[in-house]
Structures are given as C-alpha cells and as structure tokens.
Amino acid sequence: MTAPGLDPATALAPWRERWRLTADGAAFATPSSILQPVISAGRPAYLKLATVDEEAAGARVLAWWASRGAAAVFEADGDAVVMERATGDRSLAALAESGPAGDDEATRVLCRTGLALHRVDDVPRPGGIVGLRRWFRELFEHAAEHPGAHDGLFPVAAATADALVGGGADVVLHGDLHHGNVLDFGAHGWRAIDPKHLHGDPAFDFANILCNPSPAVALRPGRLERTVAVIAEETGVDERRMLEWVLAWCGLSAAWSERSGGDPSTAVGVGRRARAVLGR
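Now for a description of the structure that goes with this document.

Some details on the pattern of salt bridges
So, point 1. The full count for this structure, using the stated rule, is 24 salt bridges.
So, point 2. Between Arg-85 and Asp-24 there is a salt bridge, with the nearest N and O atoms lying 2.9 Å from each other. Of this pair, Arg-85 sits in the loop between β6 (80–84) and α3 (92–97) while Asp-24 sits in the loop between β1 (22–23) and β2 (28–29), placing them 61 residues apart in sequence.
So, point 3. Residue classification places Asp-24 among the partly exposed positions, given a relative accessible area of 39%.
So, point 4. Salt-bridge contacts for Asp-194 lead to Lys-48; the nearest nitrogen and oxygen are separated by 2.9 Å. With Asp-194 in the loop between β10 (190–192) and β11 (198–200) and Lys-48 in strand β4 (residues 43–50), this residue pair connects regions lying 146 residues apart in the sequence.
So, point 5. When its relative accessible area of 9% is taken as the criterion, Lys-48 is described as buried.

Structural notes on the pairing of strand β5 (residues 73–77)
Remember that side chains alternate between the two faces of the sheet whenever the strand is regular.
So, point 1. By the bridge criterion, four bridges tie β5 to β6 in an arrangement that is antiparallel. What sits directly across from Ala-76, in β6, is Val-81.
So, point 2. The antiparallel pairing of β5 with β6 creates a hairpin that spans two residues between the two strands, and Gly-78 there sits at a positive phi of about 60°.

A short note on the sheet that holds strand β7 (residues 130–131)
Backbone-to-backbone hydrogen bonds join strands into a sheet, with any given pair of strands oriented parallel or antiparallel.
So, point 1. Ordered in space as β7-β11-β8, the three strands form an open sheet in which the pairing is mixed. Looking at the sheet topology across the chains shown, the edges are occupied by β7 and β8 (171–173).
So, point 2. Of the strand pairs in this sheet, β7 and β11 are connected by two bridges, and their pairing is parallel. Opposite Gly-131, over in β11, you have His-199 as the bridge partner.

So, the packing of helix α6 (residues 137–145) against helix α11 (residues 239–260)
So, point 1. Running from N to C, α6 and α11 point in directions that differ by 75°, and their axes come no closer than 9 Å. Considered as vectors, α6 and α11 are oriented roughly perpendicular to each other. Two secondary-structure elements touch here, α6 through Glu-138, Leu-139, Glu-141, His-142 and Glu-145 and α11 through Ala-248, Gly-251, Leu-252, Ala-255, Trp-256, Glu-258 and Arg-259.
So, point 2. The class makeup of the residues in the contact of α6 with α11 is five nonpolar, two polar and five charged.

Definitions and cut-offs
- Residues numbered from 1 in each chain as written.
- Predicted model: local features only at pLDDT ≥ 70, side-chain atom pairs only at ≥ 80, totals over all residues.
- Heavy atoms only, no water.
- Salt bridge = Lys/Arg side-chain N within 4 Å of Asp/Glu carboxyl O.
- Helix = DSSP H or I, 4+ residues; strand = E, 2+ residues; numbered from the N terminus.
- Buried < 20%, exposed > 50% of the residue type's maximum accessible area, 1.4 Å probe, protein only.
- Pairing = 2+ DSSP bridges.
- Axes fitted to C-alpha atoms, helices over the stretch in contact; angles between N-to-C directions.
- Parallel < 35°, antiparallel > 145°, perpendicular 65-115°, else oblique.
- Contact = heavy atoms within 4.5 Å.
- Nonpolar A, V, L, I, M, F, W, Y, C, P; charged D, E, K, R; others polar.

Rendered as structure tokens:
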C-alpha cells in the first residue's frame, strides 16, 4: 500500500510511466484510493491505486468481470488498475429524482446490471471475496449492544439477516449496487464500478436500491412497496424475501452509520417501513 501523506501525482507516477498513460486531469485522493483521469491507448480511463485492502479486493472483482456488466479494466497489477472511464451524460440519480416513472426506470437499469454481473461464472472466482455472514458481523454486534434503539430495529434486522445469509444461490456480488455506482459508458451502455468483494445470495445486491439515491426519493410515501415490486418483476426475487433483505440491509447500513458518527436516518426510515410491511 502507498505511504500515507504521499502527493497523489507522485504516488501514481510509476504507474503512468509503466503503462504509458497520459494525464487527463489532476490526481486526487479518497479515503480508500488515489485516482487520476488518464488516456490509455487513446481511451479515456482512470488510473486507480488502492490504499486499503478492501478497495484492492474490489478492483480484482472488477477485473474478473471482464467488462460483462462492469467497467473494463485495461491494466492491473497489485493494488493498481487502469479502468474504463464513463463519458456518457446520463445519470441514474437524476432519472430517479425526476419522479416515480424515472425512478422505476432507474431501478430496472440497476437490476439488469446486477443480473449481468451475477451471470458471470465461467472462470475461477477472484481471491479474497468474503461471505455475507462476515459482512453482516457489525450488525450482529451492534444489535447486541443497542437492542432498544429505534424501537428495537437492530435485533429484528439482525435476526432477519441471520436467517437470510446462508440461503439462496451463491454468486459473486457487487455489494454496493446503487445509482452512483452504475454509470453511463456511452456506446457500451450502463456499467457498474466500485464493487466490494462479496459472494452470496443475489437478492442482497438489490436491497441498497431502496436507500438511494437520496433521502427524498428513498422516503417517498409508497416508494418502498413500488420499488420492491419492480425488483421482483425484473429479477424474479419473491417480494417478501426482497423486503427481508431490505430490512437486513437497512439494519447494517444504520449500524455502520452510527459506528462511524454518520446519519442513519434514511436507513432507519426505510428499515422501519420494511419492518412494518413484513409485520415484524
């Protein structure tokens, strides 16, 4: 991993030189990586250097998909990748914000993208992927520590997750499928970026749609029920099972938020609604 405090452009210099990349904008750092827009063999791309292990594992998943539902990876070695850059001007977040019809269309795009990713199974799986029980570990811990919070939401979500994580099919998951992680790649259509490193029940991947793209959309009256119906139609996941995954996911998301000092209100609001519909 890159030494902390190293200038982003300096950190990326060896990779730009090795892969003969032309800078196409300033390098910048995020909490998990260093990136720079570049040109790779005439193609718009991003040079990305992971600075945490989880980000590096996600990059290996992205390369493993080999452009099938995901951004293409042009070069990869260790913690560094050169990945296709989205240049289209369409936005799933803007589509969802435009009203219920646009929101439903954005949901369909996300579902179809997720299904394309889930179908990839023709080569050995990438190393370092983890199962959903491990991924939900912080919810299980948080539920034990805060059993009464939000009218007992965490224990109910944890019990629901516990019953779900070992069932269903087992596929390589995106792990963070939402409106900001499926982008317009122009002639190549909608493609996913920034996966996690998970495997498990494919229904898990669609739960995060319900908490996105904004609190205003996620908490619209009737949005949960309508969107779950769209997901069921697109994916074949039973509506009640999808609601259970939504409840489990909202518990995990809210636990993460509270543990990091963030705002859990959207996840709590959606989770409460899913709990009510399920009668739990």
